[in-house]
Amino acid sequence: MVVEPSETVFNNMMSKVTTLPSYTGGDQGFLNSYYAEFPNAHVFQPDLPEEVRKTRPVPDMERLSTLYNADVGLYMLANKWMVDENELRVIHYTLGPLKPWDWWTSWLLKPVDVWQRVREQLDESLPGTGGGKNPKDELLVKALFLLPLCLVLLCYYRSFLQTRAFCRSSLCDHIRHLYYKIRSNGALAYTGISSSSAGNSIYQFSNDAQSKVPAYLGGVSIFICFMAVLLALALGLSIVPRQVMPWTGLFLMYEWTFTIFFLLFGGFLHLIYLWGKRMATQAASLSSPPDSLAYDSRKAGHRQGSSCDVAAWYYGLGMALLAVAAPSLPCIFGVTALFLRLGLMVAGGLVLASFMTYASEHLAIRSFLRGFEDRDTARARNICF
């Protein structure tokens, strides 16, 4: 674009600023009023033959066609360009904050793929252009990738030091149970199942323990779970650099969101476990010695198997899979329309929220009951969430 400044035109504009209307209240509306003949001007035809161009008078004004101003906002409304996509020269990325250099827009707007392809093909002359990478962000991206893994490994290392064993046994027991059940079409009753498998419900605990569960624990756990999700999403968006590649940004976002949620809600479950243990200790101190011995004998039947709660793993993996599947539904079904994409994501989010509501309440009650049953256990059990 070649612009020739003109002091005469500028002074003429300034003299009409207060008199000409502006439908936008700004410069764009004023310019449309100043150049009133613009809508009636001829459309610029770059492919017009030279001999034809020489026979025509030079126009005072020409308009650029949609090929030079393909509006992404109009594309998203119609889910297609108004002209041949192969002939486009300029794409105008409107839609406010949804700009193509932000990694998350690639998963919402299909035209962003064009911008990303051009970005990857640029020569490495400026930061962020060589293959779409920014040298200033490479070290930060590597650190953001490794830090959550180190935090998770640290948590499990501390858990291993406390329990001296991984929660592998009960998971293997459950897998063997499923294998024998499928092999025998459900006829074989396999008895080598750990009592902590996911198939057992909270009713495996004693009636005395279940009667001690606070009525408000389920509601509080649901609230804490969703607050942990919102905080994890907010922190993940603020931590991940905005201008990384779409796949890099998506992976880091999932990694940090899952890690932060794991730490927050896992810590909440551990506090609930300690609360149940404290309640059991207080109840035992108020009961008579024969009653306490009877309680201990009943509780002994619930301590078999691994100390790891496999149900927590199933709920955690279920939430993780649904969290990955919810925003992936448009890609799975090949949907490109913005509003339909958002609708599918919202539908997947509702399924995820329903599952999280049930899982968070169930996990909190299980943690409380496990703490109540393990009041005199010298070695702390691992919540394994």
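Because the structure is a prediction, the values reported are computed rather than measured. (Residues numbered from 1 in each chain as written. Predicted model: local features only at pLDDT ≥ 70, side-chain atom pairs only at ≥ 80, totals over all residues. Heavy atoms only, no water.)

### Observations concerning the overall build of the protein chain
The test is simple: Only runs of H or I of at least four residues qualify as helices and only runs of E of at least two qualify as strands under DSSP, and these elements are numbered from the N terminus. Only protein chains enter the accessibility calculation, which uses a 1.4 Å probe. A residue is then buried if its area is under 20% of the maximum for its type, exposed if over 50%, and partly exposed in between. Surface exposure here means Shrake-Rupley accessible area, sampled with a 1.4 Å probe, where a residue is shielded only by the protein chains that are shown.
Within the protein chain, the regular secondary structure consists of 13 helices and four strands. Expressed as a percentage of its 385 residues, the buried residues of the protein chain come to 36%. As displayed, the protein chain has an accessible area near 23500 Å², and 64% of this comes from carbon and sulfur atoms.

### A look at a negative patch on the surface
Selection criterion: Here a patch means residues that are over 30% exposed by relative accessible area and free of salt bridges, tied together within 9 Å if like-charged and within 5 Å if nonpolar (Val, Leu, Ile, Met, Phe, Trp, Tyr). Should a side-chain nitrogen of Lys or Arg be within 4 Å of a carboxyl oxygen of Asp or Glu, the pair is scored as a salt bridge. Lys and Arg are tallied as positive, Asp and Glu as negative. Neither His nor the chain termini are counted. Charged groups are reduced to one reference atom each: NZ for lysine, CZ for arginine, CG for aspartic acid, CD for glutamic acid.
Taken together, the side chains of Asp47, Asp84, Glu85 and Glu87 make up a negatively charged region of the molecular surface. You can see Asp84 is positioned in the loop between helix 4 (72-78) and strand 4 (91-92).

### Examining helix 2 (residues 27-34)
The test is simple: The directions considered for the arc are those from the helix axis to the C-beta atoms. Note on definitions: a residue-residue contact is assigned when non-hydrogen atoms from the two residues lie within 4.5 Å.
Three or more residues of helix 2 are buried, namely Gly29, Phe30 and Tyr34. Down the axis of helix 2, the buried set is contained in an arc of 140 degrees. They therefore lie on one face. The secondary structure elements touched by the buried residues of helix 2 are helix 1 (7-16).

### Re the nonpolar core
Inclusion rule: We call a set of buried residues a nonpolar core when its members are Ala, Val, Leu, Ile, Met, Phe, Trp, Tyr or Cys and they connect through side-chain atoms within 4.5 Å of each other.
In terms of nonpolar packing, the biggest core is built from 37 residues, with Trp103, Leu217, Phe261, Phe265 and Phe368 touching the most fellow members. Sorting elements by how many residues they give to this core places helix 10 (residues 246-286) first, with 12 residues.

### Describing the packing of helix 12 (residues 310-333) against helix 13 (residues 338-373)
Where we set the bar: For helices, the fitted axis covers only the stretch in contact; all axes are lines through C-alpha atoms, and the angles between them, taken along N-to-C directions, range from 0 to 180 degrees. By the definition adopted for this analysis, an angle is roughly parallel if under 35 degrees, roughly antiparallel if over 145, roughly perpendicular if from 65 to 115, and oblique otherwise. Amino acids outside the nonpolar list (Ala, Val, Leu, Ile, Met, Phe, Trp, Tyr, Cys, Pro) and the charged list (Asp, Glu, Lys, Arg) are all regarded as polar, and Gly is one of them.
The contact between helix 12 and helix 13 brings their axes to 8 Å, and the two run at 175 degrees. Taken together, the axis directions place helix 12 and helix 13 in an arrangement best described as roughly antiparallel. Class assignment for the residues of the contact of helix 12 with helix 13 results in 20 nonpolar, four polar and two charged.

### Comments concerning the UniProt feature "transmembrane region" (unreviewed entry) in the protein chain
Put simply, the test is: UniProt positions are given in the numbering used here, feature names are shortened, and annotations may be inferred rather than shown by experiment.
As annotated in UniProt, the feature "transmembrane region" (unreviewed entry) corresponds to residues 139-157, 215-239, 251-275, 312-336 and 342-360 in the numbering used here. From the first C-alpha to the last, residues 139-157 spans 26 Å; its make-up is 100% helix and 0% strand. Across residues 312-336, the secondary structure splits into 88% helix and 0% strand, with the terminal C-alpha atoms separated by 36 Å.

### Digging into the layout of surface pockets
Using the following cut-off: Cavities and pockets were defined on a 1 Å grid built from protein atoms only: a cavity is a group of points that admits a 1.4 Å probe but offers it no way out, a pocket is an open group of points flanked by protein on both sides within 12 Å along at least five of seven lines, and a lining residue is one with an atom within 4 Å of any such point. Grid points are joined across faces, edges and corners, and a volume is the space filled by probe spheres set on the points.
Quantified by volume, the largest pocket comes out at close to 1500 Å³. For the largest pocket, the lining is made up of 45 residues, of which Leu233, Tyr254, Thr257, Phe258 and Ala323 are closest to its centre. Broken down by secondary-structure element, the contributors of at least two residues to the lining of the largest pocket are helix 6 (135-163), helix 9 (217-239), helix 10, helix 12 and helix 13. With 12 residues, helix 12 is the largest single contributor of residues to the lining of the largest pocket. Residues belonging to the lining of the largest pocket are distributed by class as follows: 39 nonpolar, five polar and one charged.

### Quick look at the side chain of Thr94
What counts is decided by this rule: As used in this structure description, the phrase polar contact means that two N or O atoms lie within 3.5 Å; if the pair is within protein, one of them must be able to donate a hydrogen and the other to accept it, and residues adjacent in sequence are counted only when both atoms belong to side chains.
Mapped onto the elements of the fold, Thr94 is located in the loop between strand 4 and helix 5 (112-121). The class for Thr94 is buried, based on a relative accessible area of 18%. Engagement of the side chain of Thr94 in a polar contact is seen with the backbone nitrogen of Gly73, the distance being 3.2 Å.

### Structural notes on the pattern of salt bridges
If you walk through the whole model with that rule in mind, you get one salt bridge. Put simply, Arg242 and Asp102 hold a salt bridge, and the shortest N to O gap is 2.9 Å. Residue Arg242 is located in the loop between helix 9 and helix 10, and its partner Asp102 is located in the loop between strand 4 and helix 5; the two are separated by 140 residues in the primary sequence. Judged by relative accessible area, which is 47%, Arg242 ranks as partly exposed.

### Re the packing of helix 9 against helix 13
Quick reminder of the rule: Note: crossing handedness is left-handed where the near helix turns anticlockwise from the far helix by less than a right angle, and right-handed where it turns clockwise.
Running from N to C, helix 9 and helix 13 cross one another at 125 degrees; their axes reach a closest spacing of 8 Å. One element, helix 9, and the other, helix 13, form an angle in the oblique class. Taken as a pair, helix 9 and helix 13 cross one another with a handedness that is right-handed. Across the interface between the two elements, Leu217, Gly218, Ser221, Ile222, Cys225, Phe226 and Val229 of helix 9 pack against Ala353, Met356, Thr357, Ser360, Glu361, Ala364, Ile365 and Phe368 of helix 13. Looking at side-chain class alone, the contact of helix 9 with helix 13 contains 10 nonpolar, four polar and one charged residues.

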